[in-house]
Amino acid sequence: MDSRESTKRGLSRREALGSAAAGLVGLASAACVGSSPDERAEATRVEPGSQWATRPVEVRFRIGESEVAPNGRPARAVLVDGQLPGPEIRVREGDILRVTVDNTLSEPTTVHWHGLLVPNPMDGVPGLTQKPIAPGQSYVYEYPLHQTGTYWYHSHYELQEQQGLHGAFIVEPRSEPGRYEREYVLVLSDWLDQSPYDVIPELRKPAAQRAAEEQPPPGVHPLPDGSPFAVDVAQDAYLLNGKSAADPWRAVAKPGERVRLRIINAAASSFFRFMVDGHALTVTHADGQPVKPVEVDNLVLATAERYDVVLEMAEAGAHAIRAIPLGKPGEARGVLHSPGAAGAGSPGRARWGPRVLQYAMLHYPRESALPEGPSKTFRLALGGDMRRYLWSINGQYYPTRYVPDGKADPLEIQEGDRVRIDIVNGTKMYHPMHLHGHFFRVLPESGASPTAPLKDTIGVAPGATQRLEFLADNPGHWFFHCHNLYHLEAGMARVWEYVV
Ligand code: C2O
Ligand code: CU
């Protein structure tokens, strides 16, 4: 992104020199000469060579098997340091991070840094960017942070993400442009009491298919416009920072204080609709990247998306924080309360309000157009075969544990390409599509939008065509897949391959 910024504004001599000095980072970046105070705040950049940390921030992850009971019933989990969610990583722009992962499991693992623009060998995709970390082995991930915002990490090995191996990853800017007095990170997740490895085999049994074709049970949450949201896996519980609605997570703020919430949808296969009772939410960031602030009453987070919002704490008392999984019954809940206030708000009574965030309301604070250059266009059709429970891109299935004979051709691009994608969703379900190693611009159907937002994940509606584009500026093999874990494991993935 930084390099794109530089190119767009014209690379000054100073920036060019800075970039030459930035060997380690590769993506060089720029001081904000002559920009308005607002722009300067948004575009804060690390001066390579001067502020880059010389010694890495060291983190150690012990990945192991634990028994936890977030839903009141003991169940097997795969966790970092025994924590659900895993420990938060919090670093600063310009830091170098080194995470040593010790695998104490009896099965392999990897860790992926979702939304982070890392060098390809650090990306954590087993069989693509690294060999899985074998039982008893350790692996060191090390990379510089040349971006800011709200991200997350998770296992990219089979179904460990559903078993709890996920956590928040926050990169603070060198100087904070936002105005707020408090900040909280909200990790939303879904939880299965049974082993997730039973799910796909169950879905492949004929009885399950009949059940799936029936009308959804009562109590499932529709889309904000009231229409149904199709799902194929309903979990047993929905968690906010590892806690269920029975014992809700709590946050404190004084009336009048501005509170920043970093909301992360770390679920395996749920979309959440989110609100805080009695509060408007000003959306300031999408997938870690800034957007022109926009005020809404509530928003939907596709699986793996993040939004940062700011609210102004209303009157003293307790206000329910709600996250309802679309197409499923149940909810994740928290409480925002003033100091000393007890209770959980009015959990029974949800008033959602009419203003719902739409992708069309998201604008990057400045022009985000890509530099001129060669462009390549790909049409990627999403498909599914419900009888065999297989999910495809252009009719091909990526090989996995559940698709042993899968074969998916790489999508070939060259460094410098402006890659345009039309995702055509020919299925009856939403698919949260995610690109590794790059941000993409989310384009409207008309194609042109100078301030298109930058994201790494987008929910593509049934029957819709979603247009994206990204600059091929990070060579390697980059995964592109549906972030519904069961769809990914049933074949819905491809690889962007840089060729020369
Ligand atoms: Cu959260 Cu392959 O990614
Ligand atoms: Cu999907």
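**Student:** Explain the pairing of strand E7 (residues 149–155) to me, please; I cannot follow it from the model alone.
**Tutor:** One face of the sheet, then the other: side chains in a regular strand alternate in exactly this way. With seven of seven residues buried, E7 lies mostly within the body of the structure. Sheet topology note: the strand E5 (residues 111–114)/E7 ladder contains four bridges and is antiparallel. Paired with His 114 across the bridge in E7 is Trp 152. For E7 and strand E8 (residues 166–172), the ladder comprises six bridges, and the chain directions are antiparallel. Directly across from His 154, in E8, lies its bridge partner His 166.

**Student:** Explanation requested: the packing of aromatic side chains in the structure shown.
**Tutor:** Pairs of aromatic rings are described using the distance from one ring centre to the other and the angle between the two planes. Per the stated rule, a full pass over the model turns up 17 aromatic pairs. Ring geometry for Trp 113 versus Tyr 143: centroids 5.8 Å apart, planes at 55°, classification tilted. With Trp 113 in strand E5 and Tyr 143 in strand E6 (residues 138–144), this pair connects stretches of sequence that are 30 residues apart. Seen from their ring centres, Phe 378 and Trp 496 are 4.8 Å apart, and the 90° between their planes marks the pair as edge-to-face. Of this pair, Phe 378 sits in strand E20 (residues 375–385) while Trp 496 sits in strand E30 (residues 493–498), and the two are 118 residues apart along the sequence.

**Student:** What should I look at first to understand the environment of Gly 491 in this one?
**Tutor:** Structurally, Gly 491 can be placed in the loop between helix H6 (485–489) and E30. Discounting chain neighbours no more than four positions away, the residues touching Gly 491 are Trp 391, Gln 396, Tyr 397, Tyr 398 and Val 403.

**Student:** I would appreciate a short explanation of the pattern of salt bridges in the present structure.
**Tutor:** Close approach of charged atoms lets side chains of opposite charge pair. Taken as a whole and assessed by the stated rule, the structure comprises 29 salt bridges. The partner of Arg 73 in a salt bridge is Asp 193, and the shortest N-O contact between them spans 3.2 Å. With Arg 73 in the loop between strand E1 (57–68) and strand E2 (75–80) and Asp 193 in the loop between strand E9 (182–191) and helix H4 (199–203), this residue pair connects regions lying 120 residues apart in the sequence. Sharing partners across several salt bridges, the network here consists of Glu 88, Arg 90, Glu 172, Glu 183, Arg 260, Arg 262 and Asp 308.

**Student:** Honestly, unusual backbone geometry in this entry has me stumped. Any pointers?
**Tutor:** Note on backbone geometry: most residues besides glycine have negative phi, and most peptide bonds are trans. The amide bond that connects Leu 84 to the next residue, Pro 85, takes the cis arrangement and shows omega of -10°. Here Glu 158, not a glycine, exhibits a phi torsion of approximately 45°, which is positive. Residue position: Glu 158 is located in the loop between E7 and E8. Judged by its relative accessible area of 18%, Glu 158 is buried. Even without being a glycine, Tyr 389 presents a positive backbone phi close to 45°. Counting through the fold element by element, Tyr 389 comes out in the loop between E20 and strand E21 (390–393).

**Student:** I'm lost on the sheet that holds strand E10 (residues 237–240) in this one. Help?
**Tutor:** The strands that make up a sheet pair up through hydrogen bonds in the backbone, lying either parallel or antiparallel. Taken together, six strands build an open sheet; the order of strands is E10-E9-E12-E17-E14-E15 and the sheet is mixed. The two strands at the open ends of the sheet, each matched to only one other strand, are E10 and strand E15 (289–296). Strand-to-strand, the axes of this sheet are offset by a mean angle of 20°, without reference to chain direction. Bridge count for strand E14 (residues 281–286) against E15 is five bridges, and the pairing is antiparallel. The partner of Thr 282 across the bridge, within E15, is Glu 295.

**Student:** What's the story with the layout of surface pockets in this structure? I'm lost.
**Tutor:** It is a probe the size of a water molecule, rolled over the atoms, that shows where empty space is left. The volume enclosed by the second largest pocket comes to roughly 770 Å³. What lines the second largest pocket is a set of 31 residues, among which Gln 358, Tyr 359, Ala 360, Gly 459 and Gln 466 lie closest to the centre. The set of elements that each furnish at least two residues to the lining of the second largest pocket consists of strand E25 (440–443), strand E27 (457–460) and strand E28 (465–471). For the lining of the second largest pocket, the leading source of residues is E28, giving three residues. Residues that form the lining of the second largest pocket fall into these classes: 20 nonpolar, six polar and five charged.

**Student:** Is there a simple way to explain the confidence of the model for the protein chain in this structure?
**Tutor:** Low pLDDT means the predicted atomic positions in that stretch should not be read closely. Taken as a whole, the protein chain shows an average pLDDT of 89; of its residues, 88% reach a score of 70 or greater. Here residues 1–48 is modelled with pLDDT under 50, and outside its nearest four sequence neighbours on either side it reaches 78 contacts, counting other chains as well.

**Student:** Can you help me understand the side chain of Glu 158 in this one?
**Tutor:** Only 2.8 Å separates the side chain of Glu 158 from the side chain of Arg 401, close enough to count as a polar contact. With sequence-adjacent residues up to four places away left out, Glu 158 is seen in contact with Tyr 197, Arg 401, Leu 485 and Glu 489.

**Student:** Would you take a moment to explain the sheet that holds E2 for this structure?
**Tutor:** Sheet architecture is open: four strands sit in the order E2-E1-E4-E6, paired in mixed fashion. With partners counted over all chains shown, the strands left at the sheet margins are E2 and E6, one partner each. Ignoring strand direction, the axes of neighbouring strands in this sheet form an average angle of 15°. Where E1 lies against E2, six bridges are found, and the strand directions are antiparallel. Among the inter-strand pairings, Glu 65 is bridged to a residue of E2, identified as Val 78.

The rules behind these values
- Residues numbered from 1 in each chain as written.
- Chains lettered and ligands numbered in written order.
- Predicted model: local features only at pLDDT ≥ 70, side-chain atom pairs only at ≥ 80, totals over all residues.
- Heavy atoms only, no water.
- Buried < 20%, exposed > 50% of the residue type's maximum accessible area, 1.4 Å probe, protein only.
- Helix = DSSP H or I, 4+ residues; strand = E, 2+ residues; numbered from the N terminus.
- Pairing = 2+ DSSP bridges.
- Phe/Tyr/Trp six-rings, centres within 6.5 Å; stacked < 30°, edge-to-face > 60°.
- Contact = heavy atoms within 4.5 Å.
- Salt bridge = Lys/Arg side-chain N within 4 Å of Asp/Glu carboxyl O.
- Axes fitted to C-alpha atoms, helices over the stretch in contact; angles between N-to-C directions.
- 1 Å grid on protein atoms, 1.4 Å probe; cavity = no way out; pocket = protein on both sides within 12 Å on 5 of 7 lines; lining within 4 Å.
- Points joined across faces, edges and corners; volume = space filled by probe spheres on them.
- Nonpolar A, V, L, I, M, F, W, Y, C, P; charged D, E, K, R; others polar.
- pLDDT = per-residue confidence, 0-100.
- Polar contact = N/O pair within 3.5 Å; in protein donor to acceptor, adjacent residues only side chain to side chain.

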